[in-house]
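Structural overview
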Amino acid sequence: MSGDMNFIEMDQASDIKLEDQLLECFELEEMRMVLSEIVNSINDCEIKHLREKLFQEKVITLQQMDDIEDDTIKKNVSDFIQRIDSKTDMLSKVLIEFSCNFDNGQTVKDILAKKKAQAASANIEESNNKESTQSERSSDEKNVANTTENDSASSQVASDDKNITIKEKSDKYDTKYDWFVKDPSLKEMPVTQSDASKFPACFGSAWQDIMIEFGFTKNNIELARENDGYNPHKTITSLIIKWIQRNGRNATMDRFLTILKDTEKHEIEWGILEQIVIKKKLN
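**Looking at the overall build of the protein**
Scanning the protein from N- to C-terminus turns up 16 helices and 0 strands. Put simply, of all contacts in the protein between residues at least 6 apart along the chain, 72% involve residues at least 24 apart. Counting every atom, the protein has about 16500 Å² of accessible surface; 45% of that belongs to carbon and sulfur.

In structure tokens, the structure reads:
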């Protein structure tokens, strides 16, 4: 279990030995830091008792104990602590037991209380971040829906003067995208930056997944969203423009539409898309 402890909710923790709380609360690296902090805070008399305790428990030899000068005990013990490779080895056990008995355990209790406060603060921050992300996602989806509705209303490009309507065109094809599959003129027709600003109306709430099909990573998309002020219409437009720039002459209408056709699992407004392409051809 990580340093967040489960935090055996401190009220419950009162029934658990301080030694066990320390073991439960801290990972090995943190445990070394905690033990070093405690050792450095105790007085000269107590540190000498610790040296004797280490000898009694056979953690150090008699020769080692004699070699440790009174004024270097803390440094020597701190060096020992850095070599602890398990929370259950004898050195760790002796130091933890000594720390919990020192000052009636108050120092350890203070450390545990501080750890609990940090964990509580981290949980609150994580909860706030989740709520913020959910709120942002909801706002994104609402913006996409509103943008699609507005663009759909303003994109009625059925070319009244040539009397071509989407229904008349659609009746001629077997599927929703045969209108471009069977149109050879689209193979050479370039996708322009002007086209890019019209296409967002064709994408639903899954537009980020569609952009991945165009070769963008999630990081690319998130950076574009940030740069465009989290405006889906602007982000989709800017990403399509980048796709055009990446592909140069190969950024044809046929290739663009083929990528969309291959993303069948995502919702595409083929009716609006057909209108945009037909108007581009007629102009």
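**Thoughts on the packing of aromatic side chains**
Following the criterion strictly, the structure yields 4 aromatic pairs and no others. Measuring from centroid to centroid gives 5.5 Å for Phe-214 and Trp-243, while their planes differ by 90°, and the two rings are edge-to-face. With a gap of 29 residues between them, Phe-214 in the loop between helix H12 (207-213) and helix H13 (218-227) and Trp-243 in helix H14 (residues 232-247) connect regions that are remote in the sequence. Take Phe-214: its relative accessible area is 6%, and that puts it in the buried class. By relative accessible area, which is 2% here, Trp-243 ends up buried. Ring geometry for Phe-214 and Phe-256: centres 5.2 Å apart, planes at 40°, overall tilted. On the criterion of sequence distance, the pair formed by Phe-214 in the loop between H12 and H13 and Phe-256 in helix H15 (residues 253-261) is long-range, its members being 42 residues apart. The burial state of Phe-214 is the same as that of Phe-256; both residues are buried.

**A short note on unusual backbone geometry**
In this structure, Tyr-230 is a non-glycine residue whose phi angle is positive, near 60°. Residue position: Tyr-230 is located in the loop between H13 and H14. Note on Tyr-230: relative accessible area 30%, which makes it partly exposed.

**Observations regarding the confidence of the model for the protein**
The pLDDT averaged across the protein works out to 74; a share of 76% of its residues lies at or above 70. Across residues 1-14, where pLDDT falls below 50, the model places 29 contacts with residues more than four positions away in sequence or in other chains. Note that residues 153-173 has pLDDT below 50 and, in this model, 23 contacts with residues that lie over four places away or in other chains.

**Things to note about the packing of H13 against H14**
A pair of packed helices can be characterised by two numbers: the angle between their axes and the separation between those axes. The geometry of H13 relative to H14 is characterised by a closest axis approach of 9 Å and an angle of 125° between their N-to-C directions. By the angle between their directions, the pair H13 and H14 is classed as oblique. For the pair H13 and H14, the crossing hand works out as right-handed. Facing H13, whose interface residues are Asn-220, Ile-221, Ala-224 and Arg-225, H14 presents Thr-235, Ser-238, Leu-239 and Arg-246. Residue classes in the contact of H13 with H14 are distributed as 3 nonpolar, 3 polar and 2 charged.

**Observations concerning the environment of Glu-46**
For Glu-46, the location among the structural elements is in helix H4 (residues 44-56). The class for Glu-46 is partly exposed, based on a relative accessible area of 25%. On a C-alpha basis, the gap between Glu-46 and Asp-103 in space is 9.8 Å, while along the polypeptide they are 57 residues apart.

Rules and cut-offs
- Residues numbered from 1 in each chain as written.
- Predicted model: local features only at pLDDT ≥ 70, side-chain atom pairs only at ≥ 80, totals over all residues.
- Heavy atoms only, no water.
- Helix = DSSP H or I, 4+ residues; strand = E, 2+ residues; numbered from the N terminus.
- Contact = heavy atoms within 4.5 Å.
- Areas by Shrake-Rupley, 256 points an atom, 1.4 Å probe, with all protein chains shown as cover.
- Phe/Tyr/Trp six-rings, centres within 6.5 Å; stacked < 30°, edge-to-face > 60°.
- Buried < 20%, exposed > 50% of the residue type's maximum accessible area, 1.4 Å probe, protein only.
- pLDDT = per-residue confidence, 0-100.
- Axes fitted to C-alpha atoms, helices over the stretch in contact; angles between N-to-C directions.
- Parallel < 35°, antiparallel > 145°, perpendicular 65-115°, else oblique.
- Left-handed = near helix turned anticlockwise from the far one by under 90°.
- Nonpolar A, V, L, I, M, F, W, Y, C, P; charged D, E, K, R; others polar.

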